[in-house]
Amino acid sequence: MIEVNCNPEIDAKKTAGILREIAKDKMGGWVNLPRKNDMGEFVRIKEAAKKINEESEYLVCIGIGGSYLGHRAIIEALRPKFDTEIIYAGNSLSKRELDFALAKVGDHDFSINVISKSGTTLEPAIAFSEFKKKLVEKYGEKEAYDRIYATTDKKQGALHDEAVAFNYHRFVVPDNIGGRYSVLTAVGLLPLAVAGVDVDKLLVGAAEAVETAVEPAIKYAWMRYALGQKRYDTEVFASFEPATMYFNEWLKQLFGESEGKQRQGILPTSVIYSTDLHSLGQFMQDGRRNLFETIVGYPTDELNRKVVQAVRIAHTDGGIPVLDIKVPSFDEKGFGELIYFFELACAMSAKLFGVNPFDQPGVEAYKNELKRLMAEE
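Below, the structure is looked at part by part. No experiment lies behind these values; they were computed from the predicted model shown. (Residues numbered from 1 in each chain as written. Predicted model: local features only at pLDDT ≥ 70, side-chain atom pairs only at ≥ 80, totals over all residues. Heavy atoms only, no water.)

### What about the overall build of the protein chain?
Working step 1: A tally of regular secondary structure across the protein chain gives 14 helices and 10 strands.
Working step 2: Here the protein chain has a C-alpha radius of gyration of 21 Å; the compact-globule value for 377 residues is 21 Å, and the two agree.
Working step 3: For the protein chain, the C-alpha atoms occupy an extent of roughly 65 × 45 × 45 Å along the three principal directions.
Working step 4: Sorting the 377 residues of the protein chain into buried and exposed places 52% on the buried side.
Working step 5: For the protein chain, the proportion of contacts with a sequence separation of at least 24, taken over those separated by at least 6, is 81%.
Working step 6: Surface exposure of the protein chain reaches about 17,500 Å², of which carbon and sulfur atoms provide 51%.
Working step 7: Across the protein chain, the centroid of the 47 positively charged side chains sits 4 Å from that of the 55 negatively charged ones. (Helix = DSSP H or I, 4+ residues; strand = E, 2+ residues; numbered from the N terminus. Rg over C-alpha atoms; globule rule 2.2 N^0.38 Å. Buried < 20%, exposed > 50% of the residue type's maximum accessible area, 1.4 Å probe, protein only. Contact = heavy atoms within 4.5 Å. Areas by Shrake-Rupley, 256 points an atom, 1.4 Å probe, with all protein chains shown as cover. Lys, Arg positive; Asp, Glu negative; His and termini not counted. Charge placed at Lys NZ, Arg CZ, Asp CG, Glu CD.)

Given below as structure tokens:
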């Protein structure tokens, strides 16, 4: 069970109302997902993972933002050992990075998992075009298309229509779950299963969290809100395990994209200790006092436990509010609990700040402006 070391003032009536709003929201499908996962789809995911493992040395996961950060976070943290390696593409517009990924695949056997609700997002669309071309050149159209796994909208969109037309393997991005909340759907479960992560244990952890993580998530959300009201406008997620770097990146997207609207919200950033104590430690200790620190998890070795203790004491004495989130275990079950905890806490926190946790108008504004500039060329 996740534990949080804070006791903020909580408005019980307001909390109950927010929880009802989140559960009833058209994009709140993740709330009960761990207990109501589509078992038919889940079986298909594991069958597809087995097929990919048998046929391919590499699975190229193509997606950006919520389409890749969640599952990459878990894979990088747990570092499962499996014969099929995951390669990521389509998460930037860097031609250099795309060429590097193409070269790494080389002549090896590979499959593609393209993850996009619409199929029109520029970064994954470019990467998919290049890798699909390579796939067809290597295997011919029929076998190539049998190596493409499209995770996309159930009924419509450019990628959906292409997948139907060419008979790609298809998995669903649920209509009622946004990208940054989608790691426990096919968006995350297929690449996780291919990488050797025990997805059954992951979902068990998340299902348990539906019951056990609600109270600590509420406490954490209200504490963030209270700190925000006191002009602590930056949250530093602190981890002591280098392998959790991408989990921090997922947290930054989850909170940044959910909360940062209408000039509201807390800016999420992150550090990995003890490494960053030798670069950002001075600022943390003596810099501006507009930030608070959230320590996620506890190291398992004695030396790092002492580092945690030293950081907590020094930063608290330096005027930084320090929150602790204790994770029950550094494994699939623990990460399942942690994912659900943060999703719920984030949605509640955004509601406390008076914004919609499930849209991203600023991101859409950037996309529209980029389309306009490209059309002018």
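### As for the packing of aromatic side chains
Working step 1: Counting across every chain of the model gives 25 aromatic pairs.
Working step 2: Here the aromatic rings of Y220 and F255 are separated by 6.4 Å at their centres, their planes lie at 80°, and the arrangement is edge-to-face. You can see Y220 sitting in helix α9 (residues 214-229) and its partner F255 sitting in helix α10 (residues 245-259), a full 35 residues away along the chain. In this pair, the class of Y220 matches that of F255, namely buried.
Working step 3: On the numbers, 6.1 Å between centres and 85° between planes, the contact of F237 with F342 is edge-to-face. With F237 in strand β7 (residues 234-239) and F342 in helix α13 (residues 332-352), the pair connects residues that are 105 residues apart, well separated along the chain. Across this residue pair, the class does not change: F237 and F342 are buried.
Working step 4: Clustering of aromatic rings is evident, with ring pairs tying together Y220, F237, F247, W250, F255, F330, F335, F341 and F342.
Working step 5: Just above the ring of Y139 sits the side chain of R147; from NZ or CZ to the centre is 4.0 Å. (Phe/Tyr/Trp six-rings, centres within 6.5 Å; stacked < 30°, edge-to-face > 60°. Lys NZ or Arg CZ within 6 Å of the ring centre and 35° of its normal.)

### Here we look at the side chain of E259
Working step 1: Along the polypeptide, E259 turns up in helix α10.
Working step 2: Residue classification places E259 among the buried residues on the basis of a relative accessible area of 0%.
Working step 3: At 2.5 Å, the side chain of E259 and the side chain of R224 are in polar contact.
Working step 4: Apart from the residues within four sequence positions on either side, E259 is in contact with R224, Q264, G265, I266, S349, A350, F353 and V355. (Polar contact = N/O pair within 3.5 Å; in protein donor to acceptor, adjacent residues only side chain to side chain.)

### A look at unusual backbone geometry
Working step 1: Note that the residue after Y273, namely S274, is joined by a cis bond; omega there is 10°.
Working step 2: Topologically, S274 is positioned in the loop between β8 (267-272) and α11 (281-286).
Working step 3: At R231, a position not held by glycine, the phi torsion is positive, near 70°.
Working step 4: By the element assignment, R231 lies in the loop between α9 and β7.
Working step 5: Residue classification places R231 among the exposed positions, given a relative accessible area of 71%.

### Let's talk about the packing of helix α8 (residues 199-212) against α9
Working step 1: The N-to-C vectors of α8 and α9 enclose an angle of 65°; their axes lie 6 Å apart at closest approach. Taken together, the axes of α8 and α9 lie roughly perpendicular to each other. Contact residues: α8 offers A209, V210, E211 and T212, while α9 offers V214, E215 and P216.
Working step 2: By residue class, the composition of the contact of α8 with α9 is 4 nonpolar, 1 polar and 2 charged. (Axes fitted to C-alpha atoms, helices over the stretch in contact; angles between N-to-C directions. Parallel < 35°, antiparallel > 145°, perpendicular 65-115°, else oblique. Nonpolar A, V, L, I, M, F, W, Y, C, P; charged D, E, K, R; others polar.)

### Brief notes about the pattern of salt bridges
Working step 1: Tallying each qualifying case throughout the model produces 25 salt bridges.
Working step 2: In this structure, D153 engages K117 in a salt bridge whose closest nitrogen and oxygen atoms are separated by 3.0 Å. Of this pair, D153 sits in the loop between β5 (148-152) and α6 (158-166) while K117 is found in the loop between β4 (110-115) and α5 (122-145), placing the two residues 36 residues apart along the sequence.
Working step 3: Overall, the relative accessible area of 9% leaves D153 in the buried class. (Salt bridge = Lys/Arg side-chain N within 4 Å of Asp/Glu carboxyl O.)

### Side note on the state of the cysteines
Working step 1: Taken as a whole and judged by the stated rule, the model has 0 disulfides.
Working step 2: Here C346 is not cross-linked by a disulfide; its sulfur's nearest cysteine counterpart is in C6, at 16 Å.
Working step 3: Accessibility expressed as a relative area gives 0% for C346, which makes it buried. (Disulfide = S-S within 2.5 Å.)

### Let's talk about a nonpolar patch on the surface
Working step 1: The grouping of L93, I126 and Y366 at the surface amounts to a nonpolar patch, some 280 Å² of accessible area in total.
Working step 2: When you line up the elements, I126 lands in helix α5. (Patch = residues over 30% accessible without salt bridge, like charges linked within 9 Å, V, L, I, M, F, W, Y side chains within 5 Å.)

### Side note on the nonpolar core
Working step 1: Core analysis: the biggest nonpolar cluster contains 82 residues, and W30, Y220, L338, F341 and F342 have the highest contact counts within it.
Working step 2: A per-element tally of this core places α13 first, with 12 residues.
Working step 3: Here L338 is in contact with I2, F247, V296, I325 and V327, once residues within four sequence places are set aside. (Core = buried A, V, L, I, M, F, W, Y, C linked by side-chain atoms within 4.5 Å.)

### Things to note about helix α4 (residues 95-105)
Working step 1: Here α4 has its buried residues at L98, A101, L102 and V105. Seen end-on, α4 carries its buried residues on one side only, within an arc spanning 100°. Exposed positions of α4 whose direction lies more than 90 degrees from the buried face are R96, F100 and A103.
Working step 2: Buried residues along α4 sit against β2 (58-62), β3 (85-89), β4 and α5.
Working step 3: Following α4 by one or two positions, G106 adopts a phi angle in the positive range, close to 50°. (Arc of directions from axis to C-beta.)

Read these as layout, nothing more, since geometry by itself doesn't imply function.
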